[in-house]
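Structural overview for review
So you can see what is in the structure, the chains are spelled out below.
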Amino acid sequence: MNRTTRATMALAALGLALSGCTGSSEEDPEAKATPQEKWAQSLCKALEPTTAAVSPPASDAAANAAESKKDIVEFLRTLRERLDSQAKVLADAGAPPEIDPAAYDQAKKSVVDGSKTLQGVIKRLKDADPKNSEQMQATLLQVGESLAESSSYQGPLAELSASDENLKKAFESDETCVSIMSS
């Protein structure tokens, strides 16, 4: 009887040891992540460096027009470069699994279109003569109108979230994605 008890205990201990070696999916959230969650985590991690806040140049009525123009152009270039980086990240990530690829293509197109809009605004602003106050004022008005048209765009994550409920949940389950979407 004693041998039987020891053998049973040894088998039970061995069973526990072996079950501990295989791991549990409850301990590893990555193991339970859906393909969309894994894609969202990867995308957001890659997008994060392109989403830091950028402050517009301070408007100083006493500053000269040429210096103000230069500061605005530099600010707009920074925004355009970020959109270009986001377009590259999206292209590198590929379409998310299990959704209509048209939504992904539209999100990429929106980012590229935003970059093109900024490039056009930058060109118009660079071409404006800071010594001609009427021309500068008209150009700045056009720049403001162009930027106002695109100011409602909330970014590729919001656009992709709107296209698929499961992808929206995947973005909402990742801290980095939530941080990007709330900024």
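Refer to the structure printed above.
Everything in this summary refers to the structure shown in the same document. These figures come from a predicted structure and were not determined experimentally.

Basis of the calculations
Residues numbered from 1 in each chain as written. Predicted model: local features only at pLDDT ≥ 70, side-chain atom pairs only at ≥ 80, totals over all residues. Heavy atoms only, no water. Core = buried A, V, L, I, M, F, W, Y, C linked by side-chain atoms within 4.5 Å. Buried < 20%, exposed > 50% of the residue type's maximum accessible area, 1.4 Å probe, protein only. Helix = DSSP H or I, 4+ residues; strand = E, 2+ residues; numbered from the N terminus. Contact = heavy atoms within 4.5 Å. Axes fitted to C-alpha atoms, helices over the stretch in contact; angles between N-to-C directions. Parallel < 35°, antiparallel > 145°, perpendicular 65-115°, else oblique. Nonpolar A, V, L, I, M, F, W, Y, C, P; charged D, E, K, R; others polar. Salt bridge = Lys/Arg side-chain N within 4 Å of Asp/Glu carboxyl O. Phe/Tyr/Trp six-rings, centres within 6.5 Å; stacked < 30°, edge-to-face > 60°.

Moving on: the nonpolar core. With 31 residues, the main nonpolar core has Leu-43, Leu-76, Leu-157, Leu-160, Leu-167 and Phe-171 as its most contacted residues. For this core, the secondary structure elements donating two or more residues are helix 3 (35–47), helix 4 (65–93), helix 5 (101–127), helix 6 (133–150), helix 7 (156–163), helix 8 (165–172) and helix 9 (175–182). The leading source of residues in this core is helix 5, at 8 residues. In this view, Leu-157 contacts Leu-43, Cys-44, Leu-47, Phe-171, Cys-177, Ile-180 and Met-181; residues no more than four positions away in its chain are not counted.

The contact between helix 7 and helix 9 brings their axes to 9 Å, and the two run at 110 degrees. What the angle tells us is that helix 7 and helix 9 run roughly perpendicular. Residue-level contacts link Leu-157, Ala-158 and Ser-161 of helix 7 to Cys-177, Ile-180 and Met-181 of helix 9. Broken down by class, the residue content of the contact of helix 7 with helix 9 amounts to 5 nonpolar, 1 polar and no charged.

This part covers the pattern of salt bridges. For the structure on display, the rule yields 6 salt bridges. The residue Arg-80 makes a salt bridge to Asp-84 at a minimum N-O spacing of 3.8 Å. With a gap of 4 residues between them, Arg-80 and Asp-84 both fall in helix 4, about one helical turn apart. Owing to a relative accessible area of 15%, Arg-80 belongs among the buried residues under this scheme. Note that Lys-123 is salt-bridged to Asp-127, the shortest N-O span being 2.9 Å. Taken together, the residues span about one helical turn, with Lys-123 and Asp-127 both in helix 5 at a distance of 4 residues.

This part takes up the environment of Glu-48. Counting through the fold element by element, Glu-48 comes out in the loop between helix 3 and helix 4. Spatially, the C-alpha atoms of Glu-48 and Ser-179 are 8.8 Å apart, while their sequence positions differ by 131 residues.

The next thing to look at is the packing of aromatic side chains. Evaluated as defined, the whole model comprises 1 aromatic pair. Taking 6.3 Å as the distance between ring centres and 55 degrees as the angle between the ring planes, the aromatic pair formed by Trp-39 and Phe-171 counts as tilted. Separated by 132 residues along the polypeptide, Trp-39 in helix 3 and Phe-171 in helix 8 bring together distant segments of the chain. For the pair Trp-39 and Phe-171, one class covers both residues: buried.

Function cannot be read off these values alone, since they describe shape.
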